[in-house]
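In case you want the letters, here they are:
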Amino acid sequence: MVSKKLPFNKQKMEEIIQTHPTPFHIYDEKAIRDNAEDMIRAFSNVKGFKEFFAVKALPNPYILKILAEYGFGADCSSLPELLMAEKAGITGENIMFSSNNTPPEEFKKAKEMGAIINLDDISHIACLEKVAGLPEILCFRYNPGPLKGGNALIGKPEEAKYGFTREQLFVGYEILKQKGVKRFGLHTMVASNELNVDYFIETARILFEVIVEISQKVGIDFEFVNLGGGIGIPYRPDQERIAFDDIANGVKDAYDSTIGKAGIAKPNVYFECGRVITGPYGYLVTEVRHMKHIYKDYVGTDACMANLMRPGIYGAYHHITVLGKENEPATEKYDVTGSLCENNDKFAIDRMFPKIERGDLLVIHDTGAHGFAMGFNYNGKLRSAELLLRPDGSVKEIRRAETIEDYFATLDFVGLKSFK
Ligand SMILES: *Cc1c(COP(=O)(O)O)cnc(C)c1O
């Protein structure tokens, strides 16, 4: 069994909460840096490798800035994400704009920024041309439909709203060629939180084969192929992480045996992962507020589904450690809950723990991606702070907690905007 380690102990966390009240997400900077380095090392044998971090996973400019030090770009899908990447110093073709059902003004901004625009639909060629003119470089998102089996989180590709059909790709690139576009990319994203290495290699092979066929039939050269995101992480203690080396080696073999043999131009290989870059290195820290014993036993925390939605909406497993009780036997069965008026507001159901008491600190693991980011204000719940645990052990607040003033900020109603 792989154990779930923490970058802090109870004593350290008690110090942190003196100045940073719970709940909050805390990110382990050193682990994020080590992981980024490991990815770059592993993929160094893959042609032109580059990772564009999916901003939606952890939209915080301090994190984007750290990743940019390793040459990572940003994968954005909305105007605020574009602006955040730009402020973090990620500009021009270091930004991949992979959106869908895109507002025309966002195409305009992406074009002005010189970002690489990844079109989700054939009709968006005309839309982009109209609002901003066609850029020199363009990418299409491919939906392989029934050619590719689905994965549990993202579903069957043929039922997914994303991308071009195979036939549309040929028509689309022909249109771009006619209109004078010079540089081309192809993208797909068909999995989410996938831990099976072969899945990525098969997907890469499908894309590489399509690239060979389009290059030959349409007569264009591809500058890059973007294999998307979706690499999973071991949320459960008995799961193993995917080794970047295994994906890199498999992708390289697939590349060499398709593109490498076809005598066509050799595109760079890009990824736009979010989860695997920061997911395991974030923790939601929360204090036990109440214990309740009715037909079942409940641990009531000061966090809720508004801070971490994945267990509530997907039934996703997130490991939970009771700080200071790591070595005590798990003898008690609890539901760990938040305070939303919503019965699926639970971080764990029927899970075994050591005996928990009011005031205990719980650490919910793997909240570094799609954690804080999916937060919301339902029930008047406020979003938490985000903290960065620096390599020297100090803590920096990289986003303050929301206040009631923030919650009321969009209301123009007597007495609420300045309720104090
Ligand atoms: C969500 C998303 C990603 C990142 O997915 P992860 O599972 O976090 O790696 C990348 N690209 C697109 C287009 C996405 O929608």
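Every residue gets a number counted from 1 within its own chain, in the order that chain's sequence is written. In keeping with the model being predicted, local features are shown solely for residues with a pLDDT of at least 70 and side-chain atom pairs are shown and tallied solely at 80 or more, while totals for entire chains, interfaces and linings include all residues. Excluding hydrogens and water, the side-chain figures rest on all heavy atoms present in the structure.

A. A look at the nonpolar core. Put simply, a nonpolar core is a bunch of buried Ala, Val, Leu, Ile, Met, Phe, Trp, Tyr and Cys residues held in one set by side-chain atoms that sit within 4.5 Å of each other. Only protein chains enter the calculation, and the probe is 1.4 Å; a residue is then buried if its accessible area is under 20% of its type maximum, exposed if over 50%, and partly exposed in between. In terms of nonpolar packing, the biggest core is built from 85 residues, with F43, Y173 and F271 touching the most fellow members. Helix and strand definitions follow DSSP, with helices as H or I runs of at least four residues and strands as E runs of at least two, each counted in order from the N terminus. Of the residues forming this core, the biggest block, 12 residues, is contributed by helix α8 (residues 197-218). Two domains each put at least three residues into this core: domain 1 (29-279) and domain 2 (280-408). Those residues in contact with Y173, other than ones at most four positions away along the chain, are F140, F184, G185, L186, I214, V218, I220 and F222. In terms of nonpolar packing, the next biggest core, distinct from the first, is built from 15 residues, V288, V299, I320 and Y334 among them. Boundaries of every domain are those given by an automatic assignment or by a domain database. Any two residues having at least one pair of non-hydrogen atoms within 4.5 Å are treated as being in contact.

B. Geometry of the packing of aromatic side chains. Geometry of aromatic contacts follows a simple scheme: Phe, Tyr and Trp rings, the Trp one being its six-membered ring, pair when their centres are within 6.5 Å, and the pair is stacked under 30 degrees between planes, edge-to-face over 60, tilted otherwise. Counted by the stated rule, this structure contains 16 aromatic pairs. Three or more aromatic residues link up through ring pairs in this structure, and these residues are F140, F164, Y173, F184 and F222.

C. Spatial organisation of the sheet that holds strand β8 (residues 222-226). Should DSSP find at least two bridges between two strands, the strands are taken to pair. With respect to topology, eight strands assemble into a closed barrel ordered β2-β3-β4-β5-β6-β7-β8-β9, the strand pairing being parallel. With strand direction ignored, the average angle separating the axes of adjacent strands in the sheet is 25°. Bridge analysis of strand β2 (residues 50-54) against strand β3 (residues 73-76) gives three bridges, and the strand direction is parallel. Bridging across to β3, F52 finds its partner in G73. The strands touched by α8 within the sheet are β7 (183-187) and β8, with β8 carrying the most contacts at an inclination of about 155°. Helix axes use the C-alpha atoms of the stretch in contact, all axes being lines fitted to C-alpha atoms, and the angles between their N-to-C directions lie in the range 0 to 180 degrees.

D. Spotlight on the site of the ligand. Here a residue is considered near a molecule or strand provided that any single heavy atom belonging to it is located within 4 Å of it. Residues in contact with the ligand amount to 13 residues; listed here are only the nearest, K56, G230, E272, R275 and H370. Polar contact criterion, stated in full: a pair of N or O atoms within 3.5 Å, where within protein one must be able to donate a hydrogen and the other to accept it, and residues adjacent in sequence count only if both atoms are side-chain atoms. Contact distances for the ligand include 2.8 Å between an oxygen atom and a side-chain N or O atom of K56. A distance of 2.7 Å separates a nitrogen atom of the ligand from a polar atom in the side chain of E272. Protein coverage of the free-state accessible area of the ligand, which is 390 Å², stands at 89%. Values of accessible area rely on a 1.4 Å probe in the Shrake-Rupley scheme; residue burial ignores everything except the protein chains shown.

E. A look at the domain arrangement of the protein chain. Domain annotation for the protein chain reports domain 1 (29-279) and domain 2 (280-408). For domain 1 versus domain 2, the separation of C-alpha centres amounts to 32 Å. Domain 1 puts 26 residues into the contact, and the matching count from domain 2 is 23 residues. The junction of domain 1 with domain 2 conceals about 2100 Å² of combined surface from both sides, 60% of it contributed by carbon and sulfur atoms. Where domain 1 meets domain 2, there are 11 residue pairs in polar contact (both at pLDDT 80 or more). Broken down by element, the side of domain 1 that touches domain 2 gets its largest block of residues, five residues, from helix α2 (residues 29-42). Residues that form the side of domain 1 that touches domain 2 fall into these classes: 15 nonpolar, six polar and five charged. As a working definition, buried area equals the accessible area (1.4 Å probe) given up by two parts on being put together, with both sides summed. All amino acids are sorted into three groups, where Ala, Val, Leu, Ile, Met, Phe, Trp, Tyr, Cys and Pro are nonpolar, Asp, Glu, Lys and Arg are charged, and the leftover types, Gly among them, are polar.

F. Looking closely at the pattern of salt bridges. One speaks of a salt bridge when a side-chain nitrogen belonging to Lys or Arg is within 4 Å of a carboxyl oxygen belonging to Asp or Glu. Counting across every chain of the model gives 25 salt bridges. As a salt-bridge pair, E29 and R390 come within 2.6 Å of each other at their nearest N and O atoms. Of this pair, E29 sits in helix α2 while R390 sits in the loop between β16 (385-389) and β17 (395-399); the two residues are 361 residues apart in sequence, bridging distant segments of the chain. Judged by its relative accessible area of 2%, E29 is buried. In this structure, R41 and D38 form a salt bridge, with 2.6 Å as the shortest nitrogen-oxygen distance. Taken together, the residues R41 and D38, both in helix α2 and three residues apart, mark about one turn of the helix. Given the relative accessible area of 44%, R41 is considered partly exposed.

G. Quick peek at unusual backbone geometry. Residue T22 is joined to P23 through a cis peptide bond whose omega torsion reads -5°. Along the chain, P23 turns up in the loop between α1 (10-19) and β1 (24-28). In this structure, N193 takes a positive phi of about 50° despite not being glycine. Counting through the fold element by element, N193 comes out in the loop between β7 and α8.

H. Representation of α8 in the model. In this analysis, the expected span of each helix is defined as 1.5 Å times one less than the number of residues it contains. Between its terminal C-alpha atoms α8 stretches 32 Å, which fits the 32 Å expected from 22 residues at 1.5 Å a residue. With a side-chain oxygen positioned 2.9 Å from the backbone nitrogen of D198, the residue opening α8 is N196. The positive-phi residue at the C-terminal boundary of α8 is G219, with phi of around 75°.

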